[in-house]
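# Structure assessment
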Amino acid sequence: MDKEFQQKLAQIINNNDWHLGIGDVANATGVSQTKLRYWERKGYIESTQGKGQNRKFTYMMLMKVYQMKLLLDQGYTLSVAAQKADSKSRDLRLVKQVLFDRFQGMATIDGHPAVNLGYLNDNNDSILYAVVQKDGTKFKIVPVKK
């Protein structure tokens, strides 16, 4: 993948201004608007005020709300669910960073789609691929032919 394109794509995704209304978040997560407002008052989630003072939520906040709902359904308290969801959000941000830092393009390895994660070492003598198969993702190191 072109490095300039990769950097621009990462910038767009990291600095996005995509927002959802409270009704959209409620519909997507199954959490009522009343609960969302309560969670916001308690400081568990955040929104920005859009035009006409409507609440607007980021996609990351949508994911946090959904994670909190799943945890609440499992019996966790609201406070613990929010803490665990925050931890999961940090993990997802790190995974996203790793993917944007390492992603070099797509390939086919042994008939399966594979993500090129770039050179394995500074010698540039092998490339690391994440090969996506039906039973899971496997890593494969492929020597570079010189």
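Residues take numbers from 1 onward in each chain, read along the sequence in its written order. Local features in a predicted model are, by the rule used here, given only for residues with pLDDT of at least 70; side-chain atom pairs are given and counted only at 80 or more, and totals for whole chains, interfaces and linings are based on all residues. Excluded from the side-chain calculations are hydrogens and water; all other atoms, namely the structure's heavy atoms, are used.

## Section: the overall build of the chain
- In DSSP terms, a helix is any run of H or I states spanning at least four residues, a strand is any run of E spanning at least two, and both are numbered starting from the N terminus. Of regular secondary structure, the chain possesses five helices and seven strands.
- Ordered by position from the N terminus, the helices and strands of the chain form the series α-β-α-α-β-β-α-α-β-β-β-β.
- Burial analysis of the chain (146 residues in total) assigns 27% to the buried set.
- In this analysis, two residues are considered to be in contact whenever any of their non-hydrogen atoms come within 4.5 Å of each other. Long-range pairs, those at least 24 residues apart, make up 34% of the contacts in the chain with a sequence separation of at least 6.
- Exposure was quantified through the Shrake-Rupley algorithm and a 1.4 Å probe, taking into account, for residues, occlusion by the shown protein chains and nothing else. Surface exposure of the chain reaches about 10,000 Å², of which carbon and sulfur atoms provide 52%. Think of it in three bands: residues with accessible area under 20% of the maximum for their type are buried, residues over 50% are exposed, and the middle band is partly exposed, with areas taken using a 1.4 Å probe on protein chains only.

## Notes on the nonpolar core
- Grouped together as the largest cluster of nonpolar side chains are 16 residues, with contacts concentrated most on Val25, Leu36, Trp39, Ile45, Phe57, Val65 and Met68.
- Taken together, the elements giving at least two residues each to this core come down to α2 (22-29), α3 (33-41), α4 (59-73) and α5 (78-102).
- Top element by residues in this core is α4. It accounts for four residues.
- What we call a nonpolar core is a set of buried Ala, Val, Leu, Ile, Met, Phe, Trp, Tyr and Cys residues that are connected through their side-chain atoms within 4.5 Å. Core analysis: the next-biggest nonpolar cluster, separate from the first, contains five residues, Ile109, Ala114, Ile127 and Tyr129 among them.

## Thoughts on the sheet that holds strand β4 (residues 105-109)
- For two strands to be treated as a pair, DSSP must find no fewer than two bridges joining them. One open sheet holds the four strands; their spatial order is β4-β5-β6-β7, and the pairing between them is antiparallel. Both outer strands of the open sheet, β4 and β7 (136-143), are each paired with one neighbouring strand and no more. Adjacent strand axes in the sheet meet at a mean angle of 35 degrees when their direction is disregarded.
- As paired elements, β4 and strand β5 (residues 112-119) share five bridges and run antiparallel to each other. Bridge assignment links Gly105 to a residue of β5, and that residue is Asn116. For helices, the axis comes from a line fit to the C-alpha atoms of the stretch in contact; other axes are also lines fit to C-alpha atoms, and the angle between any two N-to-C directions lies between 0 and 180 degrees.

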